[in-house]
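Observations on chain architecture
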Amino acid sequence: MGTKTADETGAETGAEATTDEQKVSVATTDEVTGAEAVAADEIDDESADEPVEAVQKEGPTGVGQGAGAVVSAALGLVSLTGSWIGTVAAARETLVGQLETSSSASVAKQVKEVYGDAWQTTAVWGGVFALFALVVGVAVLARPAFGAPGRPQAAWIKSVAWGGVALGVVGLLLAVLKYTGVLLDLPSAG
């Protein structure tokens, strides 16, 4: 049988080796290329670690300041819209007012005891949240003065902190106006 396969003749097609010596040469080249690739990966891994270490050595990233600014804005918003604890405290005051007021008391006294005290309690809790928003916002804005020199505070942190301070001031003002009766005073019971 006079036919020979491609392996026997050494006549292979494409990028494959044609002789045993070329096959050994290709295998050795592949091993060297693979070793070089592993070495290159190790170098890349080492250089990839360097910027991370450099960032960590630079100092704080401002994550805490950003979180404080967001908390300040959230507390300011809660001071304006009301909170669960303020609602519960107002309901408790309403219940206490109902229990302590006799049915023979005047209408004005009943309105004050049942509704007025609850309204003032809601105002107090709104003021507490507004005061917390104000304190946290001012602390975030003042923090760079006591931090790493030369590291400016991000603009979004300043903006959100100023928003928290503004909401705190408005919430505190509204709480004082509600508590004193200047804003939405109880109706007169005639």
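Residues numbered from 1 in each chain as written. Predicted model: local features only at pLDDT ≥ 70, side-chain atom pairs only at ≥ 80, totals over all residues. Heavy atoms only, no water.

1. Regarding the overall build of the protein
Each helix and strand counted, the protein has 6 helices and 0 strands in total. In the protein, the succession of helices and strands from N to C terminus is α-α-α-α-α-α. Taking as baseline every contact in the protein between residues at least 6 positions apart, the subset at least 24 positions apart corresponds to 78%. By element, 65% of the accessible surface of the protein is carried by carbon and sulfur atoms, the whole surface being about 13000 Å². (Helix = DSSP H or I, 4+ residues; strand = E, 2+ residues; numbered from the N terminus. Contact = heavy atoms within 4.5 Å. Areas by Shrake-Rupley, 256 points an atom, 1.4 Å probe, with all protein chains shown as cover.)

2. Things to note about the confidence of the model for the protein
Summarising the model, the protein shows a mean pLDDT of 77, and 66% of its residues fall at 70 or more. Across the protein, the element-wise mean pLDDT spans from 53 in helix α2 (residues 20-58) up to 94 in helix α6 (residues 155-180). (pLDDT = per-residue confidence, 0-100.)

3. Quick word on helix α5 (residues 107-142)
Helical periodicity: at 3.6 residues per turn, an α-helix aligns residues three or four positions apart in one direction. If you check α5, its first and last C-alpha atoms are 51 Å apart, about what 36 residues at 1.5 Å a residue would give, namely 52 Å. In the structure, α5 departs most strongly from a straight axis at Glu-113, where the bend amounts to approximately 35 degrees. (Expected span 1.5 Å × (residues − 1). Bend = angle between axes of the 7 residues up to and from the residue.)

4. Describing the environment of Ala-154
Mapping Ala-154 onto the fold places it in the loop between α5 and α6. On the accessibility criterion, Ala-154 (29% relative accessible area) is partly exposed. Sequence-wise, Ala-154 and Gln-65 are 89 residues apart; in three dimensions their C-alpha atoms are separated by 9.2 Å. (Buried < 20%, exposed > 50% of the residue type's maximum accessible area, 1.4 Å probe, protein only.)

5. Describing the side chain of Gln-153
With respect to the helices, strands and loops of the structure, Gln-153 is situated in the loop between α5 and α6. For Gln-153, the side chain forms a polar contact with the side chain of Gln-65, separated by 2.8 Å. Within the local environment of Gln-153, its side chain forms a polar contact with the backbone oxygen of Val-140, the two atoms lying 3.0 Å apart. Setting aside residues no more than four positions away along its own chain, Gln-153 makes contact with Gln-65, Val-140, Leu-141, Pro-144 and Lys-158. (Polar contact = N/O pair within 3.5 Å; in protein donor to acceptor, adjacent residues only side chain to side chain.)

6. Concerning the packing of α5 against α6
Closest axis-to-axis distance for the α5/α6 pair is 7 Å, and the angle between their directions is 155 degrees. Here α6 runs roughly antiparallel to α5, going by the angle between their axes. Here the hand of the crossing between α5 and α6 comes out left-handed. Per-class residue counts for the contact of α5 with α6 are 18 nonpolar, 8 polar and 2 charged. (Axes fitted to C-alpha atoms, helices over the stretch in contact; angles between N-to-C directions. Parallel < 35°, antiparallel > 145°, perpendicular 65-115°, else oblique. Left-handed = near helix turned anticlockwise from the far one by under 90°. Nonpolar A, V, L, I, M, F, W, Y, C, P; charged D, E, K, R; others polar.)

7. Some thoughts on the environment of Leu-77
Of note, Leu-77 is situated in helix α3 (residues 63-81). A C-alpha to C-alpha distance of 9.8 Å links Leu-77 and Val-170, two positions 93 residues apart in sequence.

8. A look at a nonpolar patch on the surface
On the surface, a cluster of nonpolar side chains totalling about 390 Å² of accessible area is made up of Leu-80, Val-170, Leu-174, Leu-183 and Leu-184. Along the polypeptide, Leu-80 turns up in helix α3. Overall, the relative accessible area of 35% leaves Leu-80 in the partly exposed class. (Patch = residues over 30% accessible without salt bridge, like charges linked within 9 Å, V, L, I, M, F, W, Y side chains within 5 Å. Salt bridge = Lys/Arg side-chain N within 4 Å of Asp/Glu carboxyl O.)

9. Comments concerning the packing of α3 against α5
Running from amino to carboxyl end, α3 crosses α5 at an angle of 155 degrees, the nearest separation of the two axes being 8 Å. As far as their axial angle goes, α5 and α3 are roughly antiparallel. Crossing angle aside, the handedness with which α3 passes α5 is left-handed. Facing α3, whose interface residues are Gln-65, Gly-68, Ala-69, Ser-72, Leu-75, Gly-76, Val-78 and Ser-79, α5 presents Gly-126, Phe-129, Ala-130, Phe-132, Ala-133, Val-136, Gly-137 and Val-140.

10. Comments concerning α6
If you check α6, its first and last C-alpha atoms are 38 Å apart, about what 26 residues at 1.5 Å a residue would give, namely 38 Å. Listed as buried for α6 are Ile-157, Ala-161, Gly-164, Val-165, Gly-168, Gly-171, Ala-175 and Lys-178. The inward-facing, buried residues of α6 abut α3 and α5. One or two residues past the end of α6 sits Gly-181, with phi positive at roughly 90 degrees.

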